[in-house]
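Listed here are the chains, written in short residue letters.
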Amino acid sequence: MNNYFVKRLLYLIPTLIGASILIFFLYSLIPGNFIDTDPNLTAERKAELYALYGFDQPTIARYFIWLGNLFQGDLGYSLQFQRPVTEVLNDYIWSSFIVAFASLFLTWGIALVIGVISATKQYSFFDSFITILVFGAMAIPSFFLGLIAIKFFAVDLGWFPAGGMTTSGADYTGWARIKDIAEHMVLPVIVLTMLGIGGLTRYFRTNMLEVVKQDFVRTARAKGLKEKVVIYKHALRNALLPAITLFAFELPALFSGAIITEQIFNWPGIGAIYMQAFSVRDYPLLMGFTMFIAVLTVISNLIADILYGIADPRVRVK
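Residues numbered from 1 in each chain as written. Predicted model: local features only at pLDDT ≥ 70, side-chain atom pairs only at ≥ 80, totals over all residues. Heavy atoms only, no water.

Peer 1: Explain the overall build of the protein chain here, please?
Peer 2: Secondary structure assignment for the protein chain yields 14 helices and two strands. Within the protein chain, the fraction of its 318 residues that count as buried is 37%. Counting 24 positive and 21 negative side-chain charges, the protein chain places the averaged centre of each group 18 Å from the other. (Helix = DSSP H or I, 4+ residues; strand = E, 2+ residues; numbered from the N terminus. Buried < 20%, exposed > 50% of the residue type's maximum accessible area, 1.4 Å probe, protein only. Lys, Arg positive; Asp, Glu negative; His and termini not counted. Charge placed at Lys NZ, Arg CZ, Asp CG, Glu CD.)

Peer 1: Explain the side chain of His184 here, please?
Peer 2: By the secondary structure assignment, His184 is in helix H7 (residues 174–212). Among the residues examined, His184 registers a relative accessible area of 5% and is labelled buried. For His184, the side chain forms a polar contact with the main-chain oxygen of Asp180, separated by 2.7 Å. Non-local contacts of His184, meaning those with residues more than four positions away in its chain, are made with Pro161, Gly163, Gly164, Met165, Thr166, Thr167 and Trp267. (Polar contact = N/O pair within 3.5 Å; in protein donor to acceptor, adjacent residues only side chain to side chain. Contact = heavy atoms within 4.5 Å.)

Peer 1: Can you walk me through the pattern of salt bridges in this structure?
Peer 2: If the charged atoms of two oppositely charged side chains come close together, the side chains can form a pair. Scanning all chains against the criterion turns up five salt bridges. One salt bridge connects Lys179 with Glu183, and the closest N-O pair in it is separated by 2.5 Å. Taken together, the residues Lys179 and Glu183, both in helix H7 and four residues apart, mark about one turn of the helix. By relative accessible area, Lys179 is classed as exposed at 53%. Through salt bridges with shared partners, one network takes in Arg83, Glu87 and Asp91. (Salt bridge = Lys/Arg side-chain N within 4 Å of Asp/Glu carboxyl O.)

Peer 1: Any chance you could explain the packing of aromatic side chains here in plain terms?
Peer 2: This model, assessed by the stated rule, comprises 19 aromatic pairs. Where Phe25 meets Tyr63, the ring centres are 5.5 Å apart and the plane angle is 35 degrees; that geometry is what we call tilted. One end of the pair, Phe25, is in helix H1 (residues 2–29); the other, Tyr63, is in helix H3 (residues 59–71), with 38 residues separating them in the sequence. Residue Phe25 is classed as partly exposed on the basis of its relative accessible area, which comes to 26%. In this structure Tyr63 comes out as buried when scored by relative accessible area, which is 5%. Residues Tyr274 and Phe289 carry aromatic rings whose centres are separated by 5.2 Å and whose planes lie at 55 degrees to one another, so their mutual orientation is tilted. With Tyr274 in helix H13 (residues 270–280) and Phe289 in helix H14 (residues 283–311), this residue pair connects regions lying 15 residues apart in the sequence. Given the relative accessible area of 17%, Tyr274 is considered buried. A relative accessible area of 5% means that Phe289 is categorised as buried. Members of the aromatic cluster, each reached through a chain of ring pairs, are Phe24, Phe25, Tyr63, Phe64 and Trp66. (Phe/Tyr/Trp six-rings, centres within 6.5 Å; stacked < 30°, edge-to-face > 60°.)

Structure below.
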């Protein structure tokens, strides 16, 4: 297992270097930058800012400067916020995280239960009904679902706030602040859960259907084991093995933010900030955040490989 871990760990080095090259040079190929978006700047002032931020240097030189800063934990300097990228991410990324984590917990829990029941009751009324709901949820755009949620739950019923993260003008502390944030989280979490539950339900259902047809399940039934024991102790454990990889890749999604949903609900998350950075061409922020997500992706890949190697020893010999 140690050799397997070291081998997978070494794969990360060329992967991250390749990602840094792609990220930097793709953004460098885009014409214009943050300085060019300000029409009030004179040519002399633009030249001064170009020299100040290093835009007057060759692209190759700027890449190695940026790469050297990355090795020191410096993701760059946001021209839009006039602050280090790490500080900007720290201010906004955690608000995206709490919404994504809550929706992830609900999505996986609900999808797992519904998927297993649908598989064990294949072609029943429940299975057909869930299939219709699943494909309906997958077909509805996120912005439309978000607007419907605001209209029904916030405007008509008045159960939850229509947007934001906290009540405007309120100065809550302690549990009162937590309760206020939780109430504002409900609608974004519901929307993200409904959007993610469809495909995951079909995934669990398909895996369970494949497993229950295998010989070891027939053997368990032939031994006289109860159907619940066969399904939940034997079949489900094997059906969940492929989900290890899928679950590990949820790590970048926890920090990347839901761009459309955050904008609809005016949630101060990293997704909305990412879109703002695009509009003003704040490439240092865009590159720093994209590289951060790339690092999370390769780390999640490593975690998936390790967990899968632990769960299935046959993988470690590859």
